[in-house]
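Structural features, examined
Take a look at the letters that make up each chain.
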Amino acid sequence: MLKPLSIWAYYLNNKSKIIPVVIIITLSVFALITGSTLLNFVNKETNKFIEYYKQYYSLQVGSLSDPDTTKVDLYNEIQSYSQTDKIVTNFYRQKTYVLTPLGETPRFVDFIESSFYKEYSNQMGWEIIEGRMPRENTNEIILSKNILLNKGLSVGDEIGSFVDKDESLYGQFKIVGSLSDKYVSGGFGNLTYMQQFSQQNPDLAQDLILIQPVKGKEYELHQRLVKLVETEPGLVLWTQYNYADFLAQNYSIYNQIKVVITLVVSIVIALSVGLLQIIFFSQRMREFGLLSAIGYGKLYIIKKSNFELFGMTLVAWITGLIFTQLIFNMLNETIMEAKGLDVLTIFDLDTMIYSLPIPLAVVSFSMLTMVWNLLKMDSIQVIEKRL
Amino acid sequence: MIYQLNNVGLSYKDGGNTINALSDINLELPETGLIGVIGPSGSGKTSLLYVMSGIKVPTSGQILYRGVPLPHQTSLRNQLRRREMGFVFQFHFLISYLTVAQNIMVGFDGSGVDINYMNYLIEELRISHIRNKKPYQLSGGQRQRVAIARALANRPKVIFVDEPTSSLDHVTGRKIISLLREAAKNALVILVTHDYENVRAADKIVKIWDGKVILDLDQNQAPYFEGSQSEKNPKTVFHL
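Here is a short report on the structure shown in this document. (Residues numbered from 1 in each chain as written. Chains lettered and ligands numbered in written order. Predicted model: local features only at pLDDT ≥ 70, side-chain atom pairs only at ≥ 80, totals over all residues.)

**Let's talk about the overall build of chain A**
- Within chain A one finds 13 helices and 11 strands.
- When its C-alpha atoms are laid out on the principal axes, chain A stretches across 100 × 45 × 35 Å.
- Looking at chain A as a whole, 34% of its 387 residues are labelled buried.
- Pairs at least 24 residues apart make up 78% of the contacts formed inside chain A by residues separated by at least 6 positions. (Helix = DSSP H or I, 4+ residues; strand = E, 2+ residues; numbered from the N terminus. Buried ≥ 20, exposed ≤ 12 C-beta atoms within 10 Å, placed from the backbone. Contact = placed C-beta atoms within 7 Å.)

Right under this line is the structure:
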């Protein structure tokens, strides 16, 4: 038999009262974790490019303001830096977009010399899992498996704006292989083909060079390139450092949004659950009055009611976490894994932290109101039935 | 002597007036026995019960419990002492979401329950068939019997009983008085009632009138008590 003064006795015997409270907390935990997870998803997606920029700095060469400065001079200068390990000037970049729950996010498809395929793949952490590398002077490309999954394509299919007008990858390409990803998904094709193709389509040409820093000299090279870019407004530089700064600014906005949403939701939930608790509490005044009269001190009653509240909130929070993970599992199975996207999970410290204010706010608010009422409680009024 | 009340008074403000619920109460009560506290409604019987149990603090005088002054109402010592006591209030105060059996066990804080004694009480009070029911499923009489079982279950040293038979039929009422009588062999039972019939079995009768003790009859005199509620002659009492 359940002990009459067990902290679970009230709620187990009043399921109609605990269910709405658990549902409110569960749904709010679900809402906050889902919101936080999706925002984190965006952060992680953008963060993946840091890994790219750790391998290669990219310098976009737009309209150089100084007519005396030729691109060749620029390349020669960068090549002359002692911090530069390698510079890749023969390079075209296009982008394709993968669909995520929060919209589209870009992936690079680079057109490089066939002699550079292996090295580039190694640097990017890509390995062929199906098919083969693109052949010289063909429209063949190889893409990450996750990109193929996302677009519903397979090795042997064709991709490009000529095949699908909604595709951002300009042209028509045959997919001849798929890659596993270590950092960020992407792909590559043959430079010779693209050079010829871009002559007929001049808008395609991207004046972009890749610069590989000497190991241990990454930051020094970054600093030199920053100085170089400052003298030439037509240049756009991305390194792991300035990209991290760019992300930090975005994170700051995301984090502010998360904090505001979390606070608002927590306060609203704490108030609504707290009000329910006050109603339940007022219905139990005779019980508390009786306990007080028969020798259970107010401290005992306060402790008991607070443990009840804490236990109920903990159960509701855990229920919210389990419910959220179950929904995530369903989404992972039907969408995320099927579309080659990172799976959603609650087992992430950053995500978990944003679900904590709900139980904390609920417990704090309800505890304060209960303690206040219990301290005010006059057991004589209760047992004389004046309350 | 378990209780000694010396000039105990209890007054409170009601609007602008001071109400004297009790004045100059002097009583000595033994370790065991059934004490009948009688008097008409509003005479101060329940107030006497509250101050003796420590639920209310007297505004004057002193109450000695086992020779020690009653501590402050909210002190831990008072709370622990009250755990040695059993209470049957005028209103049954059963906890609505607990079963009858759980309500009876409330005084135990879930431990140290003498199941055999609890079952004996449940049988004697004729509530065994409702032990798993909730209070809202019970009649008024059944609730009162459960409240009595709760008060007796932890074999308290002092049992305060306020109008226990008010909502019971005659047979059950007699049964309860008989149980209290039995409990009084090992505990002090203070029975507050306005029903003179209930105190016939008392070892001592205290009659309260207008907040004062107007009769304090010992076990030699108590059996002959007949009672009177006449305001003109409240002490008309004996049937010799």
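Back to the text.
**Description of unusual backbone geometry**
Residues and elements named next belong to chain B.
- Notably, arginine 155 is not glycine yet its phi reads approximately 45°, a positive angle.
- Within the element layout of this structure, arginine 155 appears in the loop between α5 (140-153) and β7 (158-162).
- By the C-beta count within 10 Å, which is 13 here, arginine 155 ends up partly exposed.

**Observations regarding the sheet that holds strand β9 (residues 204-209) of chain B**
Residue and element names in this part refer to chain B.
- Spatial strand order, β6-β7-β8-β3-β9-β10: six strands in an open sheet with mixed pairing. Among the strands making up the open sheet, the edge pair consists of β6 (85-88) and β10 (212-217). Taking the axes of each pair of neighbouring strands and ignoring which way they run, one obtains an average angle of 15° across the sheet.
- Where β7 lies against strand β8 (residues 188-193), five bridges are found, and the strand directions are parallel. Within the sheet, the bridge partner assigned to phenylalanine 160 lies in β8 and is isoleucine 190.
- Along the sheet, helix α6 (residues 170-183) contacts β3 (33-38), β7 and β8; its crossing angle with β8, the most-contacted strand, is approximately 150°. (Pairing = 2+ DSSP bridges. Axes fitted to C-alpha atoms, helices over the stretch in contact; angles between N-to-C directions.)

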